[in-house]
Amino acid sequence: MNKKAIIFFCSFIAKVLLFLVAIQPMCKAQTLQDYEMQVRDLERFANSYFAAYTNLFSSNFGFSLNQGWQGGAIPKKAGHISFSLVGSSSIIPINDRNRYILTNSLYQSSNIQTSPITPGMFTDAKGGIARLFLLDPATNNRLVDPTNGEYLSANVNLIDGIGTEVGVTPFLMPQLSVGLGKSTEISLRVIPIAIGLNEGKVDISALGGGIRHSLSQWFTDAADPDFTVNLLFSYMRNKVKFTPNGDKFLTFNNDYFSTEGTRVLLSHNTQTQQALLFFNYRIHPFIEIYGHGGAIRQTSDLGSDGIFRLKINDEFIQDAVDKSTLEYSDLFNSRIEITKPVGGCGVVLGSGFLKAEVQYTYANTHIASVALRASILSGDK
Amino acid sequence: MGAVLLAFCFVSCKKDKSCATMNYTYSLPNDLNQEVDYIKLYASEDDFATGERGVGAVDSMGAPYLILNAQVQVTPFLDIRYADGTNSWSNQAELSQLGETSFSSTNCETKINFSDYAALKNVVRSSPVYMHLVLAEASQDGGSKSWLVDKIYDEDEFDVSNRPEWQCVKQLGFTFFKGGKGAKVKITIPPAAGICTMYEELFQGKTEAFATYSLEGDDQQELRITVPAVSDRLKEQLTFSVIESAYDHLRISLTNGNAQVGYAVLIPANHE
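Just so we're clear, the structure is a prediction, and the values are computed from it rather than from any experiment.

A. Representation of the overall build of chain B in the model. From N to C terminus, chain B includes nine helices and 15 strands. The C-alpha radius of gyration of chain B comes to 24 Å, more than 25% above the 19 Å expected for a compact globule of 272 residues. If one aligns the C-alpha atoms of chain B with their principal axes, the spans along those axes are about 85 × 40 × 30 Å. Classification of the 272 residues of chain B by burial places 37% in the buried group. Nonlocal contacts in chain B, meaning residues at least 24 apart in sequence, comprise 60% of its contacts between residues at least 6 apart.

B. Spatial organisation of the nonpolar core. Counting 124 residues, the largest nonpolar core has B:Val169, B:Val185, B:Ala211 and B:Ile252 as the members making the most contacts within it. The leading source of residues in this core is helix 2 (residues 36-53) of chain A, at seven residues. Each residue touching B:Val185, except ones within four places of it in the same chain, is listed here: B:Phe174, B:Thr175, B:Phe176, B:Phe177, B:Ala211, B:Thr212, B:Tyr213 and B:Ile225.

C. Seen up close, the sheet that holds strand 11 (residues 208-216) of chain B. Residue and element names in this part refer to chain B. The eight strands lie next to each other as 8-9-10-11-12-13-14-15, forming a closed barrel whose pairing is antiparallel. Between one strand and the next, the sheet's axes are offset by a mean angle of 35°, whatever the strand orientation. Alignment of strand 12 (residues 222-226) against strand 13 (residues 239-245), held across three bridges, turns out to be antiparallel. In the sheet register, Arg 224 faces strand 13, and the bridge partner there is Thr 239.

D. The arrangement of the interface of chain A and chain B in detail. Counting residues at the interface gives 42 residues for chain A, matched by 39 residues for chain B. Sorting the residues of the side of chain A that touches chain B by element identifies strand 1 (78-93), strand 2 (100-102), strand 3 (112-114) and strand 18 (365-377) of chain A as the ones contributing at least two each. Top contributing element to the side of chain A that touches chain B by residue count: strand 1 of chain A, with three residues. Split by residue class, the side of chain A that touches chain B holds 19 nonpolar, 14 polar and nine charged.

Thresholds, definitions, all that
Residues numbered from 1 in each chain as written. Chains lettered and ligands numbered in written order. Predicted model: local features only at pLDDT ≥ 70, side-chain atom pairs only at ≥ 80, totals over all residues. Helix = DSSP H or I, 4+ residues; strand = E, 2+ residues; numbered from the N terminus. Rg over C-alpha atoms; globule rule 2.2 N^0.38 Å. Buried ≥ 20, exposed ≤ 12 C-beta atoms within 10 Å, placed from the backbone. Contact = placed C-beta atoms within 7 Å. Core = buried A, V, L, I, M, F, W, Y, C linked by C-beta atoms within 7 Å. Pairing = 2+ DSSP bridges. Axes fitted to C-alpha atoms, helices over the stretch in contact; angles between N-to-C directions. Nonpolar A, V, L, I, M, F, W, Y, C, P; charged D, E, K, R; others polar.

Structure (structure tokens):
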């Protein structure tokens, strides 16, 4: 989750609730709960907005994570072990279809007015605004300050693009491959990373594996054919979790409000399953090229765990309303499920101990992968 | 991979696509252009309210369109008026849902295309009373209009304007600002109005108070003035039935502090 997005949401909720405080001294006939529906609408709007803003990342990260599996011929005999370092990233061209989010596709509510478009995550575009109005719970009419005629509203700047002008989802991951014999090989990838930030800890974990098997061995008697066909099944899952440090995240404490008791973790999970056929051709003892195709399915969940708790500190307000605490669970929650065809090509350079591989795949978007592979044990020889 | 990234960056960074200002092009159905009396597009709600800096429809062989150059952050407002006074003022949110939006970075243009005339016509349904309250005439772009209570009649149509129980109501002044549902209204009472206990909660010792207004009900004949957090009694006193409306007079039913029903005729403050 983008840090700016978190700050945005926090100020979003705080500003609205400050409005509630502003009018509460006059609102003896009403309770904070009368306005809760409007806050809920803001929550739904924010959820739909964050899902749209992070869509390019969320919908492609899992696809890129499940690429970079090795092409080329598979060692025949059991016992071959190789270690690889695989890097991969989606490369998402930013164009007129994804440069901006069309706000009429977001959650609509009568207390929220937005500009027609707002920047997407990876663009250099700026601008985009949401104007929040406090409405009378009984009539749904906007409210003004009776003394000066100002609407009880706030302008919130929506998040600008981060300016890369190309969408990327980079990762680097170690991979261990073991030959099982009969030109069959399994590969495993695991990456546990924990990054400490001032705001909290980011845990990134990914694991998965693939199995590839030579189909062509069943149709040719050649000992070392130049043309081979492999089948690959692979599965990857990853989890990114942000655990905030103490009270720093999504929390505040002032004369009016505190978020005492808030504990929210942000998470982004993906799971992908993939089936591919590789058609490999060795054009030189040191160069092997291939084309591959198949299908991939991704499930991506952007969400949060825990409770966001808002408590009213002001004593007068506490007396004036029935209940002075609001609780929100499931602050962010969006899921993307996509099944896409996959196609691409690659080249394997080198022989024996060290190989380098460059791969291009189209799976929902462009994905580029590079890998360095070192044979630790050559069961083949 | 690095080379591919560089190539993408090179292609996409050649020109500035950040579009600090945008050309908003609203394409409207041709039928609309033939049937309506007035179409204008405004860059913001404030401009819509004052009627300043609006752009009109460009005549074309095909569907008419409006072009507005403004900052990306703006929310354009459409002002559509039929000859009978029916307008789009209170339905801006529904209007924005009907438009099909597309964006072109080449000329920083956002196109909003309204192709379904029937759906559009169905949304442009705000009561003509909105225009009567605010404008001096149908062709005025925007602004505000102040009204005075000219006469008050009781249920038997007797003139009770000078009766003590109606004096508080009689001295009220209303200034309605353009804007549809939730637009602003300023309510005034003269400093020398004496003790008007029925409106004490509204004015709180001052001579003016701001609120919002809307026309409610299926026939949009209930003029409701909304003030934050006031008693149900005052809410009732600030809810009027519009019996008759025009640019030069307004006839509404209301109650006084004694729960008596009356009919007030309001006239513009500058009425001669």
